[in-house]
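# Structural characterization, general
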Amino acid sequence: MEDKYFIEGGHSLNGTVVVSGSKNASLPILVASLLTSDRSVVSRVPYLADVDNMLKMLSEIGAQISYQDHQVIVQARELQARGQLFQFAKTMRASFLLMGALLARNGSGCLPLPGGCAIGARPVNLHLKGLARLGAEIEIDKGMVAVSAKRLRGCEICLDFPSVGATENIIMAATCAQGITTLVNAAAEPEIVDLACFLNQMGARVTGAGSPVVQIEGGRPLHGAVHSVIPDRIEAGTYMLAAVAAGGQIKLKQVIPEHLRVVIDKLREAGVDVDEGTGELFVQAPRDLSPLIIATAPHPGFPTDMQPQFTALLATAGGTSRITETVFENRFLYVQELCRMGACIESSGDTIIIRGIKSFKPAQVKVTDLRAGAALTIAALGAWGETEIDCIYHLDRGYEDLEDKLSGLGARIRRVAEQAANL
Ligand code: UD1
């Protein structure tokens, strides 16, 4: 049974929203907790389908888990892949992060190759090249990847592209390699810094995280750690844009403005009033929105995970905007859904041209992936009339309490189970 949203647009958003812990930081940190047989405590872990799936995998691999009040207590006395691990792993690309941890702790690991997904092919060649440089042997057969090593040895690894997942996998494996690993052209996202912070609390020595060169001194004994996950910058950015699209004025609490630097700069360039406080952001929608030129890039560049939401926002700006996607090869699937709502967008290769319309018209639209869902929600909030958004399970993967948070700001949003909706 699939749920859908009905959103009646045209109501401004006002009030305060508390930002949840970061999904993309929680997932690798939970995996990193497997690197020791001790107990770790991770707090501010959001209730999301992706987190739930990851916890099921950790449990299938032998970890004991408790999850209450956003706090996960995890202890993996020994690791052994079993049961439904492979079934869960196939459904989520982040499952491949388990490879670095399995290799480091057990000397071997076997996982399904993550398939492509709606936004692109998303191979794991960079993960595997890095693990091979550390001394792992890799075999790929019938969609399964088996990795093993008698001993991992620190070395210099230069990534062809600063992949977030590859950086995380390699850092985790390198904490258990003998000697120093230097990772060049590493991803520098805040979630990498949070992972390094957790690993260092476990006793690892990871330096340079957040810059393109990360050093890992391997072979140090790792123990349990207590950690609170950073706020979700993409969730925060999504609410900022929702407030601008719907009109109104909101305050975001428990946010790190520095993590949203480019998003804030782009909003200001479009005419939005953004004020920064300590752990807080204030956003006020302007009367008129100016068009923008945006190109996505690895951090500290413009985040690809905010690209669809900006398209939805700029669709009603006063002029022509241009967005180029450089990180994923197929991240414009949602454009045709926005066009069903009246948007005027032309695609040409990795670039879209957005000609501003007056306002969105309600329609029945379908979510193709997580951030596409965020874009359609933003469009619906700004449309006059009721929009039906189908396949919202994608949104459940990455937005905690979305309808409650939006309702709290004054949005008219209902979740309806498909069977009931058909009656
Ligand atoms: C992570 C985020 C995702 C975000 C993305 C880019 C998580 C759980 N997900 O995904 O929300 O959109 O970073 O900021 O943290 N690539 C290769 N070979 C590889 C690995 C990646 O070619 O071995 C390519 C991918 O196909 C993609 C690009 O590199 O085109 C970026 O991927 P990557 O940075 O690895 O993203 P993820 O870690 O999957």
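To start, this report covers the structure provided alongside it. (Residues numbered from 1 in each chain as written. Predicted model: local features only at pLDDT ≥ 70, side-chain atom pairs only at ≥ 80, totals over all residues. Heavy atoms only, no water.)

## Section: helix 2 (residues 49-60)
Just so we agree on the cut-off: Only DSSP runs of H or I with at least four residues qualify as helices, and only runs of E with at least two residues qualify as strands; both kinds are numbered from the N terminus onward. Between the first and last residue of a helix there are one fewer steps than residues, each counted as 1.5 Å, and that sum is the expected span. By definition in these notes, contact holds between two residues if any of their heavy atoms fall within 4.5 Å.
Between its terminal C-alpha atoms helix 2 stretches 16 Å, which fits the 16 Å expected from 12 residues at 1.5 Å a residue. Elements in contact with the buried residues of helix 2: helix 1 (23-32), strand 4 (64-68), strand 5 (71-75), helix 3 (85-90) and helix 4 (98-106). Where helix 2 terminates, the next one or two residues include G62, which has phi positive at roughly 115°.

## Focus on the sheet that holds strand 7 (residues 137-141)
Our working definition: DSSP calls a pair of strands paired once it identifies at least 2 bridges connecting them. Every angle, taken between N-to-C directions, lies between 0 and 180 degrees, and every axis is a line fitted to C-alpha atoms, over only the stretch in contact when it is a helix.
Spatially, the three strands line up as an open sheet ordered 6-8-7, and their pairing is antiparallel. Taken across any chain shown, the strands that pair with only one partner, and hence form the sheet edges, are strand 6 (108-112) and strand 7. Recorded for the sheet is a direction-independent mean angle of 15° between the axes of neighbouring strands. Here five bridges tie strand 7 to strand 8 (residues 144-148), and the two strands are oriented antiparallel to one another.

## Re the pattern of salt bridges
Formally: Salt bridge, as used here: a side-chain nitrogen of Lys or Arg that lies within 4 Å of a carboxyl oxygen of Asp or Glu.
Inspection of the entire model under this criterion finds 24 salt bridges. The network of salt bridges with shared partners includes D3, D396, E403 and R415.

## Looking at the packing of helix 1 against helix 7 (residues 190-201)
Here is the rule: For classification, angles of less than 35 degrees are called roughly parallel, those exceeding 145 degrees roughly antiparallel, those between 65 and 115 degrees roughly perpendicular, and all remaining angles oblique. Working rule for handedness: look at the near helix, and if it is turned counterclockwise from the far one by less than a right angle, call the crossing left-handed; if clockwise, right-handed. In this classification, the charged set is Asp, Glu, Lys and Arg, the nonpolar set is Ala, Val, Leu, Ile, Met, Phe, Trp, Tyr, Cys and Pro, and all remaining amino acids, among them Gly, are polar.
Look at helix 1 against helix 7: their axes get within 9 Å of each other, and the N-to-C directions meet at 30°. It follows that helix 1 is roughly parallel to helix 7 by the angle criterion. The hand of the helix 1/helix 7 crossing is right-handed. Only E191, D194, L195, F198 and L199 of helix 7 make contact with helix 1, whose side of the interface consists of N24, A25, P28, I29 and A32. Its residues assigned to classes, the contact of helix 1 with helix 7 comprises seven nonpolar, one polar and two charged.

## Structural notes on the site of the ligand
Basically, it comes down to this: Throughout, near means a residue has at least one heavy atom within 4 Å of the molecule or strand. N or O atoms closer than or at 3.5 Å make up a polar contact, with two conditions inside protein: a donor-capable atom paired with an acceptor-capable one, and, for residues adjacent in sequence, both atoms drawn from side chains. To measure how exposed things are, a 1.4 Å probe is used in the Shrake-Rupley method; for residues, cover is taken only from the protein chains shown.
Around the ligand, a shell composed of 17 residues is seen, among which N125, L126, S163, D305 and V327 lie nearest. Measuring from an oxygen atom of the ligand, one finds a backbone N or O atom of L126 at 2.7 Å. Separating an oxygen atom of the ligand from a backbone N or O atom of G165 is a distance of 2.8 Å. With the chains in place, 85% of the 740 Å² that the ligand exposes on its own is no longer accessible.

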